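What the coordinates show
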Amino acid sequence: MNKDLSQGPILKTLWLYCLPLLGSIILQQVYNLADSVVAGRFISEAALAAVGNATEITLIYTAFAMGCNMGCQVITSQLFGAKNIKGLKTGVSTACIAFGIVCLLLMAFGFIFTKPLLELINTPEDILEDSVLYLRIYTLGMPFVFFYNIGMGIFGALGDSKTPFIFLAISSISNIVVDIIFVAVFNMGVAGVAWATFICQGLAAILGWIVLYRRLHAMKCEQYEKFSKKLLQKLAIVAIPSLLQQSFISVGNIIIQGIINGYGSSVVAGFTAAMKLNNIAIATFFAIASGLSAFFAQNIGAETYDRLNKGFRAANYFAFAIAVPFIILYSFFGMQCAQLFLGEEASAQAFLTAKQVLLLIAPFYFIAAIKVITDGALRGAGAMKLFMIDTFADLILRVGFAFLLSFLLGESGIWWSWGIGWTIGMVIAEIFYFKGYWKNNLDFIKDVN
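Residues numbered from 1 in each chain as written. Predicted model: local features only at pLDDT ≥ 70, side-chain atom pairs only at ≥ 80, totals over all residues. Heavy atoms only, no water.

1. Some thoughts on the overall build of the protein chain
For the record, the criterion: A run of H or I in DSSP becomes a helix once it reaches four residues, and a run of E becomes a strand once it reaches two; helices and strands are each numbered from the N terminus. Residue exposure (1.4 Å probe, protein chains only): buried if accessible area is under 20% of the type maximum, exposed if over 50%, otherwise partly exposed. Throughout, a residue-residue contact means that at least one pair of heavy atoms, one from each residue, lies within 4.5 Å. Note on areas: Shrake-Rupley, 1.4 Å probe, and residue coverage restricted to the protein chains presented here. Here the positive residues are Lys and Arg and the negative ones are Asp and Glu; neither His nor the chain ends is included. Charge placement uses NZ in Lys and CZ in Arg. For Asp and Glu, CG and CD serve respectively.
In terms of regular secondary structure, the protein chain is built from 14 helices and 0 strands. C-alpha extents for the protein chain along the principal axes are approximately 60 × 45 × 35 Å. For the protein chain, the proportion of its 449 residues judged to be buried stands at 62%. The long-range share in the protein chain, meaning contacts at least 24 apart out of those at least 6 apart in sequence, stands at 85%. By element, 69% of the accessible surface of the protein chain is carried by carbon and sulfur atoms, the whole surface being about 17,400 Å². Positive and negative charge centroids in the protein chain, built from 28 and 24 side chains respectively, lie 14 Å apart.

2. A word on the packing of helix α2 (residues 45-81) against helix α5 (residues 142-157)
Our working definition: Here the axes come from fitting lines to C-alpha atoms, over the contacting stretch only for helices, and the angles between their N-to-C directions go from 0 to 180 degrees. For this classification, under 35 degrees means roughly parallel, over 145 means roughly antiparallel, 65 to 115 means roughly perpendicular, and everything else is oblique. Crossing handedness is defined as follows: a turn of the near helix away from the far one that is anticlockwise and smaller than a right angle gives a left-handed crossing, while the clockwise case is right-handed. Residues are grouped as follows: Ala, Val, Leu, Ile, Met, Phe, Trp, Tyr, Cys and Pro are nonpolar; Asp, Glu, Lys and Arg are charged; every other residue, Gly included, is polar.
Where α2 contacts α5, the two axes come as close as 7 Å, and the packing angle between them is 25°. By the criterion of interaxial angle, the relationship of α2 to α5 is roughly parallel. The crossing of α2 and α5 is right-handed. In this structure, α2 contributes Y61, F64, A65, M66, C68, N69, C72, Q73, T76, S77 and F80 to the contact, and α5 contributes M142, V145, F146, N149, I150, M152, G153, I154, G156 and A157. Partitioned by chemical class, the residues of the contact of α2 with α5 number 14 nonpolar, 7 polar and no charged.

3. Here we look at empty space enclosed by the protein
Any empty space left between the atoms is revealed when a probe the size of a water molecule rolls over them. How we decide: Put simply, the grid is 1 Å and covers the protein atoms alone, a cavity is a trapped set of points that fit a 1.4 Å probe, a pocket is an open set with protein on both sides within 12 Å along at least five of seven lines, and lining residues have an atom within 4 Å of a point. Grid points are joined across faces, edges and corners, and a volume is the space filled by probe spheres set on the points.
Considering all chains together, one arrives at 2 cavities of 30 Å³ or more under this definition. For the second largest cavity, the calculated volume is near 30 Å³. If you go around the second largest cavity, the residues you meet are Y134, I137, Y138, A194, T197, F198 and Q201. At the level of elements, α4 (125-140) and α7 (189-217) are the ones that each hand at least two residues to the lining of the second largest cavity. The dominant element in the lining of the second largest cavity, judged by the number of residues it contributes, is α7, at 4 residues. The residue makeup of the lining of the second largest cavity, split by class, is 5 nonpolar, 2 polar and no charged.

4. Focus: helix α3 (residues 85-120)
Quick note on the threshold: Here the bend at a residue is taken as the angle between two axes, fitted respectively to the seven residues that end there and the seven that start there.
The sharpest bend along α3 reaches about 65° and sits at F113, with the proline P116 one to four residues further on. Looking one or two residues beyond α3, the residue adopting positive phi is N122, at roughly 60°.

5. So, the pattern of salt bridges
The cut-off we apply is this: Criterion for a salt bridge: a side-chain nitrogen of Lys or Arg within 4 Å of a carboxyl oxygen of Asp or Glu.
Here the structure, examined in full by the defined rule, presents 2 salt bridges. With a closest N to O distance of 3.0 Å, R215 and D160 form a salt bridge. Here D160 lies in the loop between α5 and α6 (162-185) and R215 lies in helix α7, a separation of 55 residues in the sequence. Across the pair, exposure class does not vary: R215 and D160 are buried alike.

6. Considerations on the packing of aromatic side chains
The test is simple: Between the rings of Phe, Tyr and Trp (Trp by its six-membered ring), a pair exists once the centres lie within 6.5 Å; its type follows the angle of the planes, with under 30 degrees stacked, over 60 edge-to-face, and the other angles tilted.
Within the structure shown, the criterion is met by 18 aromatic pairs. Geometrically, the ring pair formed by Y330 and Y365 is edge-to-face, given 6.2 Å between the ring centres and 70° between the ring planes. With Y330 in helix α10 (residues 308-338) and Y365 in helix α12 (residues 365-380), the pair connects residues that are 35 residues apart, well separated along the chain. A relative accessible area of 2% means that Y330 is categorised as buried. Look at Y365 and you get buried, because its relative accessible area is 0%. Taken together, the ring pairs connect F285, F326, Y330, Y365 and W422 into an aromatic cluster.

7. Quick word on the environment of T197
Within the secondary structure, T197 sits in helix α7. A residue is classified by how much of its surface remains accessible, and T197, at 5% relative accessible area, is buried. Sequence separation of T197 and M107 is 90 residues, and the distance between their C-alpha atoms is 16 Å.

8. A look at the side chain of T114
To be explicit about the condition: Side-chain atoms alone can form a polar contact between residues adjacent in sequence; in general such a contact is a pair of N or O atoms within 3.5 Å, and within protein one must be able to donate a hydrogen while the other accepts it.
Position of T114 among the secondary structure elements: in helix α3. Classification of T114 by relative accessible area gives buried; the value is 0%. Within the structure, T114 has its side chain in polar contact with the backbone oxygen of G110 (distance 2.4 Å). Setting aside chain neighbours within four positions, we find T114 in contact with V132, L135 and R136.

9. Notes on the environment of F401
Here F401 lies in helix α13 (residues 384-409). Separated by 12 residues in sequence, F401 and G413 place their C-alpha atoms 7.9 Å apart. Beyond its immediate chain neighbours, meaning those up to four positions away, F401 contacts S406, G413, S417 and I420.

10. Things to note about unusual backbone geometry
A positive phi angle, near 55°, is found at N187, a position not held by glycine. In this fold, N187 is placed in the loop between α6 and α7. Given the relative accessible area of 63%, N187 is considered exposed.

11. Comments concerning the nonpolar core
Filter applied, for reference: Residue types Ala, Val, Leu, Ile, Met, Phe, Trp, Tyr and Cys, when buried and joined through side-chain atoms within 4.5 Å, form a set referred to as a nonpolar core.
Counting 77 residues, the largest nonpolar core has F285, L292, F296, Y330, Y365, W418 and W438 as the members making the most contacts within it. When residues in this core are grouped by element, the largest group, 20 residues, is from helix α9 (residues 265-301). With sequence-adjacent residues up to four places away left out, W418 is seen in contact with N253, I256, F271, M275, I361 and R398. Membership of the second largest hydrophobic core comes to 66 residues, among which are C103, I137, M142 and M152.

12. Things to note about the packing of α3 against α5
Look at α3 against α5: their axes get within 10 Å of each other, and the N-to-C directions meet at 155°. Between α3 and α5, the angle falls in the class roughly antiparallel. The chirality of how α3 crosses α5 is right-handed. Along its contact with α3, which presents V92, C96, F99, G100, V102, C103, L106 and M107, the element α5 presents M142, P143, F146, F147, I150 and I154. Residues of the contact of α3 with α5, tallied by class, amount to 13 nonpolar, 1 polar and no charged.

Structure (structure tokens):
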């Protein structure tokens with residue numbers, strides 16, 4: 001069901017739209033966590049470390065897919081808000097062609113440089129072979145990752161956050177079942193974990209596009225262009241900064257992973273468990289920010305500007321309410337949470353690392369929430385230069401402090417870098433928003449026919 005976010009009570013409209021997004025992101029994390037849980041509990045600590053290590057590379061690929069998602073969502077949201085159905089369909093077709101080519105190029109890169117990339121981040125020798133195997137299978141399924149994210153961005157632009165939730169629920173449950181069957185029953189090891197992800201990502205992508213095609217086909221309009229250079233340029237203006245943001249964050253995480261790898265596979269396993277838990281919390285903030293981006297874009301397209309600040313405040317309230325339980329859970333029960341990933345045979349060092357990471361990162365979740373929500377507002381308004389400055393500040397500081405503090409404090413210094421980066425990034429984002437610099441580009445799609 002398509003939903004016009006420029007109408008109705010702001011708090012109710014935004015929260016009802018964000019709730020399925022929140023459910024979807026939790027399912028997405030369950031989907032991702034299944035690999036690590038199965039690897040850690042049904043194979044070995046080394047398998048968990050291998051999957052976690054390879055995941056840092058897959059996040060670069062996912063970053064490209066998320067950039068495409070954001071480009072589609074922001075531009076098509078504005079077109080839908082402006083009731084420009086012809087432009088909307090042209091934008092969808094253009095995005096599929098352009099981003100499909102990007103996906104093929106990235107796959108070629110992935111197949112050629114899988115092992116060199118893993119060696120570049122100092123992957124321990126005892127987990128290198130499994131990391132390579134997992135990453136190559138993941139690369140094979142990259143078209144599913146790309147087109148799933150493009151499709152979900154378009155659903156979001158149409159104000160529909162429920163349909164993606166249904167597809168993801170089916171895919172996530174299937175992934176857990178197939179993971180266990182391939183590993184526990186067929187003894188396929190890390191390869192089984194990777195193939196389960198491949199199959200279930202494909203299921204979500206195919207089902208999503210069947211429904212999306214029917215939805216778009218039902219929206220009648222005059223003949224539209226299959227490819228538009230003008231819309232490609234506008235998609236690129238949003239997609240490239242979003243892509244670079246996600247990519248450079250992933251690159252930064254890979255650099256940090258390289259530092260952590262120097263402490264041995266037990267620390268890597270503990271860090272992997274903690275980051276999987278941390279990613280659940282951060283992903284919920286991103287879900288609300290994604291909803292706010294669609295809300296801003298639709299209201300800008302409809303020229304209902306008076307709704308924007310109220311929506312921004314509502315999104316922050318929602319994020320704060322979600323941050324509280326994560327802060328309490330990870331601060332006081334971090335080691336117990338890590339047991340989800342670390343089996344009985346895991347080393348004491350792995351458990352201690354997981355506990356320490358969560359204890360130092362969790363108190364900063366309020367700050368992280370503000371930053372991510374503000375980023376969502378800037379992105380929805382098409383203020384991509386401001387968005388990029390904020391993102392790079394966070395990234396550069398986090399990586400720089402990880403290097404510096406690791407020398408001064410050991411591995412615990414690395415964990416402190418997250419809070420420092422989030423804090424400075426949040427301050428920059430708030431200045432950009434409350435100074436109103438994002439209001440300079442509100443007529444972004446008015447020249448699209």
